[in-house]
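Observations on the model geometry
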Amino acid sequence: MDLGIFIPIGNNGWMMSKNSPQYMPSFALNSETAARAEEAGFEFLLSMVKLRGFGGDTEFWDHNLESFTLMAGLAAATEKINLFASVALPTMEPAMVARMASTIDDISDGRFGINIVSGWNQIEYSQMGVWPGDWYYEKRYDYATEYVQIMQDLWKDGVSDLKGEYFQMDDCRLSPLPQGGKVPLVCAGQSDRGMEFCATYGDYQFIIGTEDLDVVRNDASRLVAAAEKTGRDVGVYVLFQITMGDTDEEAQAKWQHYKDGADLEAIKFLIGAAEMDTAGATADKIAEMQQAFNLNIGAVVGSHQTIADRLDEVSEIPGVKGVMCVFDDYPVATKEFGEKIMPLMKSRS
Ligand SMILES: Cc1cc2nc3c(=O)[nH]c(=O)nc-3n(C[C@H](O)[C@H](O)[C@H](O)COP(=O)(O)O)c2cc1C
C-alpha cells in the first residue's frame, strides 16, 4: 500500500485547536518534512490550494503558501518522492498550468502530478474577482472536463485546438512535453459526479477517511463502480489524521487535549454558522462543534501497533491503493511514523 503525506502548506496543519502545535507554513518546515518522508520511504506528498482562511484565535489557514511554487521548490530539494500540487481551476488558465506542470516535471525528473480542485468555497475566488458566477458550482465538473482535456492534449501532442463551452484554444502549443506525454492527475471530489470525473481522467481518487470503515468501504466502492464503467485503472487514496503515542492511552490523551482546545470561531466559519453566538451556545452544541476541530478527517489515534493494524485493515478495502496522512507535528511525526509504524504494517512488507 502506498503512503503519502498531506504536507503543512497552511498554518497549524489540519487542527483548528489552540492546544495543538502552532506553526506558520514555511519552505523550511515543508522541506524538512519532505526530507523525513523520503528517508522513511513515503511514496508521495500533496499540497493543497487554500486562498482564504477561517480566522478565529488560531487564525486558522489565514496563512498559506502557494501550491505549485512550493512543489517546484520541493522538486529541486528531493530525489525520489512523488509530488502533487493542487490547482483551483477558476484561478489559472489550463494552458498555463500545463506549462507549469511540464516545468516541474522537468525539475523533478518525472515525479510531478496535479490535484484537480474544481472549487467549492466561493469566497476564495470572489475575493480576487475570479468566481465565474452563480452557474459555476452546478457546472464545475463540465468546466473541469474541458480544462483537463486541454492539458492532456498539450502534454501528449504539444497542441490543443479545443473549442469548448468554457475555453477556446487556437492552435495552442506546449513544449517541452512532460516525460511519457502525461502528468498524473488526482482528484478529491466526493460527489458521484466528482468520482465519475476522476474515473474518466484521473489516476487516483482521494476520499476522506472516517472512523467507521464501512463508510470508507462504501465511498471506495463508488469509485470502483465508476472506474469499471470507464475501464480505467484508478486507485483510491484515503485521508486519515494520525495521532500516535507509545501507548493507546498516551495517544488518546494527546488527542483529547487537542480537541479540548478547539477554536470554535474558526470552526464556525467551516460549518457556515458565522452568525452563531458561540458564547451563548449550549454544551451540546459546543461538543458537536468540537468534533469538527480536525475538519472531520477520520482520526486514527493510538499506539504504533494500533495504528499499523488499523491501516492494514484499510489496505484490505477493495479499490484502496494507499493512505494519505495528516499529522499533528509534521517533521517529528513523519520520522516517528517511518521508524515505528511502517515496519509493523503487513501491507508494507
Ligand atoms: C485529499 C483531499 C484534498 C483536497 N484538496 C483540496 C484543495 O487543495 N483545495 C480545495 O479547495 N479543496 C480541496 N479538497 C476538496 C475537494 O477538491 C472537493 O471540492 C470536495 O471534496 C467536494 O467534492 P465535490 O466537488 O465532488 O462535491 C480536497 C479534498 C480531499 C479529500
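Quick look at the structure, then. (Residues numbered from 1 in each chain as written. Predicted model: local features only at pLDDT ≥ 70, side-chain atom pairs only at ≥ 80, totals over all residues. Heavy atoms only, no water.)

Turning to the site of the ligand, a few remarks are in order. Around the ligand, the structure places 17 residues, and the nearest of them are V49, K50, R140, Y141 and S191. Note that an oxygen atom of the ligand is positioned 2.8 Å from one of the backbone N or O atoms of V49. Between R140 and the ligand, the recorded distance is 2.9 Å, taken from a side-chain N or O atom to an oxygen atom. For the ligand, whose free accessible area comes to 630 Å², the fraction covered by protein is 89%. In terms of residue class, the shell around the ligand is made up of ten nonpolar, five polar and two charged. (Near = heavy atom within 4 Å. Polar contact = N/O pair within 3.5 Å; in protein donor to acceptor, adjacent residues only side chain to side chain. Areas by Shrake-Rupley, 256 points an atom, 1.4 Å probe, with all protein chains shown as cover. Nonpolar A, V, L, I, M, F, W, Y, C, P; charged D, E, K, R; others polar.)

What follows concerns the pattern of salt bridges. Counted by the stated rule, this structure contains 18 salt bridges. The partner of R193 in a salt bridge is D142, with the nearest N and O atoms 2.9 Å apart. Of the two residues, R193 sits in helix α6 (residues 192–201) while D142 sits in helix α5 (residues 136–157), which places them 51 residues apart along the sequence. Between K182 and D203 there is a salt bridge, with the nearest N and O atoms lying 3.1 Å from each other. Note that K182 is positioned in the loop between β6 (172–173) and β7 (185–187) and D203 in the loop between α6 and β8 (204–208), a separation of 21 residues in sequence. Owing to a relative accessible area of 17%, D203 belongs among the buried residues under this scheme. Among the charged side chains, a network of salt bridges with common partners joins E32, R36 and E39. (Salt bridge = Lys/Arg side-chain N within 4 Å of Asp/Glu carboxyl O. Helix = DSSP H or I, 4+ residues; strand = E, 2+ residues; numbered from the N terminus. Buried < 20%, exposed > 50% of the residue type's maximum accessible area, 1.4 Å probe, protein only.)

Once that is clear, we can look at the packing of helix α3 (residues 94–108) against α5. Helices that pack against each other are described as a pair by the angle of their axes relative to one another and the distance between those axes. Contact geometry of α3 with α5 gives a least axis separation of 9 Å together with a crossing angle of 45°. It follows from the interaxial angle that α3 and α5 lie oblique. Seen along the crossing, α3 lies across α5 with a hand that is right-handed. Of the residues in α5, those touching α3 at P94, A95, V97, A98, A101 and S102 are Y147, I150, M151, L154 and W155. (Axes fitted to C-alpha atoms, helices over the stretch in contact; angles between N-to-C directions. Parallel < 35°, antiparallel > 145°, perpendicular 65-115°, else oblique. Left-handed = near helix turned anticlockwise from the far one by under 90°. Contact = heavy atoms within 4.5 Å.)

Keep in mind these values describe shape, not function.
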